[in-house]
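# Structural overview for review
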Amino acid sequence: MSGSGDLTTTAATVATEAVPAERDGDSTEVVRGFPPLPKRAVSPPHTVPSMLTPPTQFTYVVRRSRWFSALEREDTQRKTEYNCFAFPASMLVVDYLSDSGTSAMTDFQWSALVRGDGAYAGNYGYTALKQSVRDIFEGGDNPQPVINNMICDPSRSSLVVPVIPDNTFANEGKYALEHPNLFLVPQGRCAENLFFSVVRQLWKQDARPLPYIIPSNGFFDTTEAQAHTNSFRPVNLFAKHLHTPFPVEECSTRNPFKGNIDTEELAALITREGADHVPAVLLTVTNNTAAGQPVSMQNIRETARIAHSFNIPVVFDAARFAENAFLIREFEEGYSSKSIQEIVKEMFSYCDCFLMSAKKDALCNIGGLMCFRNKGLFHKQFSKPDRDVGLVLKEKQILTYGNPCTGGLSGRDIMAMAEGLYQVVKLNYLRRRVLQVRYLAEGLVAAGVQGVVLPPGGHAVYLDMTEFFEGTPMKIDDFGGVGFVIEMIRLYGIRVCELGPFAFEWDQKTPVQRQGILNLVRFAVPRNMYNDDHLKYTIAASAQLYKHREKIPKVTVSRGAELHLRHFQSGLTPNYYNGKLGEE
């Protein structure tokens, strides 16, 4: 039997853990080289999980998946121009496209959601959320949640929390009207839009000289697009050791914090360009663009010291703050005995402003935040005697997203977000979350897949496609990562996401800009959604595709190559230059 024939057999075999024997009364069919689906998949060799922990949750509601043949999926791919964002989720077995808004919420969040209300102003959710922000990002081990009474006994709920720290991220009462500093929005990119558009507006009013430069440990796709759209020059200052090989055997014993910003380069850039050209330093925790790697507390502290010495605010992209805190606790000296809440409190003590997609580490399906510290450096840098930056942001929020108490969300969604912030810092949840991602990474390595970025971060496993395709004719501008995505969907019903030269517009960038582009594919694991069967199936499918990687197609952008954020909207054409798997 040929190598490709081996793959078609295994492709059908590994698919069956999530495949019913029949679908809508029809027997499973044999299609163009794909044999009937056997009753049980054969798992690949795999490592023992690096840590043994007891179960932390129960499953009470189950949604059954459906199976579609490779031909059915390919027909749909053709009709949607092979764009993975246009492919229907209902035809997938496992979906790693994003961990954003894909979480399964906890029972506490559902309880909070049911107790939410739709008041146009002053809803339960907004009151609860402000205290959640103060508790999680400032309160450490001394939270004072008001949401518990709202769920159990609303008659005991205070309308206004009486004691507010002077340097809070969430002002209250009359002071919140005069100096607003918490802005509720539908999702993270809306918070980015508030930040970039208002900072640009104010610097333009102040006649600040161009260029406007924002250094970062890693701009994600939408963040980079927001920066470009608002006339900023984003600069990625990846850690020098980002590409240093790491042994899989040490994933549970140490972490080099490859998500760090290069602080030497940061100081040199500010000195070279001048602080008048740098409105903020952006730290993404964890660093999604740099393979989801965590940022150490030491690096956060040093970044703040450098930035503040130039009177430049530090801004967090805090979408995955809790996962970053867990990895600090697990691997950074001096933090193993500290609570997640205390680690989060220290992390945020070094930042002046944060942007957050609540669709990640607030465990909810919609929502976002922008907050800055009351009377802090962000407020001082962008306010004047006759101009409060909070009022400028609030006006933009109202015009763009709606009432400040809702931010374009329902009151019930805000309640789920407020409760989710308490749920996400629970140690048992975070341990299960991070170990599940580690299990997937270690399993891919054990199955022989090359290019797994190690150690894994907290939310996703990344493949370095340059290493993955080593020994094949695939070049970086052939968009092999996109070809991998297309084949994972076509053959196995697994959706992953290319975050490399296609997503970051390699062919539209200068040689200098290309230096900040990595060649990655991401498996983003939804929170509380999948079990070991999903991961084992993914490992087996990925291993088979790696074994036959010379058959993965090269890809051209057939429509919309010049578009920003083109991976959401462009058309693609695969070139099966060496034959197509499943057709031999």
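Note that this is a predicted model, so its numbers are computed, not measured. (Residues numbered from 1 in each chain as written. Predicted model: local features only at pLDDT ≥ 70, side-chain atom pairs only at ≥ 80, totals over all residues. Heavy atoms only, no water.)

### Topic: the pattern of salt bridges
Pairing is possible between side chains that carry opposite charge, provided their charged atoms lie close to one another. According to the stated counting rule, one finds 32 salt bridges in the structure shown. The closest approach of N and O atoms between E74 and K580, which form a salt bridge, is 2.5 Å. Of this pair, E74 sits in helix 2 (residues 70-79) while K580 is found in the segment after strand 16 (571-575), placing the two residues 506 residues apart along the sequence. Each member of the pair, E74 as well as K580, is classed as buried. E224 is the partner of K509 in a salt bridge, and the nearest nitrogen-oxygen pair spans 3.4 Å. One end of the pair, K509, is in the loop between strand 13 (497-499) and helix 20 (511-514); the other, E224, is in helix 8 (residues 221-229), and 285 residues separate them in sequence. (Salt bridge = Lys/Arg side-chain N within 4 Å of Asp/Glu carboxyl O. Helix = DSSP H or I, 4+ residues; strand = E, 2+ residues; numbered from the N terminus. Buried < 20%, exposed > 50% of the residue type's maximum accessible area, 1.4 Å probe, protein only.)

### Things to note about the pairing of strand 9 (residues 353-357)
Among the 5 residues of strand 9, 5 are classified as buried, and the element is accordingly described as predominantly covered. Here strand 9 shows no split at all, with C353, L355 and S357 on one side and F354 and M356 on the other all buried. Pairing of strand 8 (residues 314-317) with strand 9 involves 3 bridges; the strand directions are parallel. Across the sheet, residue F316 finds its bridge partner in strand 9, namely F354. (Pairing = 2+ DSSP bridges.)

### Side note on helix 21 (residues 532-547)
The terminal C-alpha atoms of helix 21 lie 22 Å apart, and with 16 residues this matches the ideal 22 Å at 1.5 Å per residue to within 8%. Taken together, the buried positions of helix 21 are H534, L535, Y537, T538, I539, A540, A541, S542, A543, Q544, L545 and Y546. In this structure N531 caps helix 21, since a side-chain oxygen of it lies 2.9 Å from the backbone nitrogen of D533. (Expected span 1.5 Å × (residues − 1). Polar contact = N/O pair within 3.5 Å; in protein donor to acceptor, adjacent residues only side chain to side chain.)

### A look at the layout of surface pockets
Each pocket or cavity is described by its volume, and for the second largest pocket that value is around 640 Å³. If you trace the second largest pocket, you find 24 residues lining it, with V235, N236, V512, Q513 and G516 closest to the centre. Breaking the lining of the second largest pocket down by element, the ones donating at least two residues are helix 8, strand 6 (232-236), helix 9 (263-273) and helix 20. Top contributing element to the lining of the second largest pocket by residue count: strand 6, with 4 residues. When its residues are assigned to classes, the lining of the second largest pocket shows 11 nonpolar, 6 polar and 7 charged. (1 Å grid on protein atoms, 1.4 Å probe; cavity = no way out; pocket = protein on both sides within 12 Å on 5 of 7 lines; lining within 4 Å. Points joined across faces, edges and corners; volume = space filled by probe spheres on them. Nonpolar A, V, L, I, M, F, W, Y, C, P; charged D, E, K, R; others polar.)

### Some details on unusual backbone geometry
A cis amide bond links V285 to the next residue, T286, at an omega of -10°. With respect to the element layout, T286 can be found in the loop between strand 7 (281-284) and helix 10 (297-309). Following L454, the chain continues into P455 via a peptide bond in cis, with omega recorded as -5°. Secondary-structure assignment places P455 in the loop between helix 17 (427-446) and strand 11 (460-464). A positive phi angle, near 60°, is found at A291, a position not held by glycine. For N528, which is not a glycine, the phi torsion comes out positive at approximately 65°.

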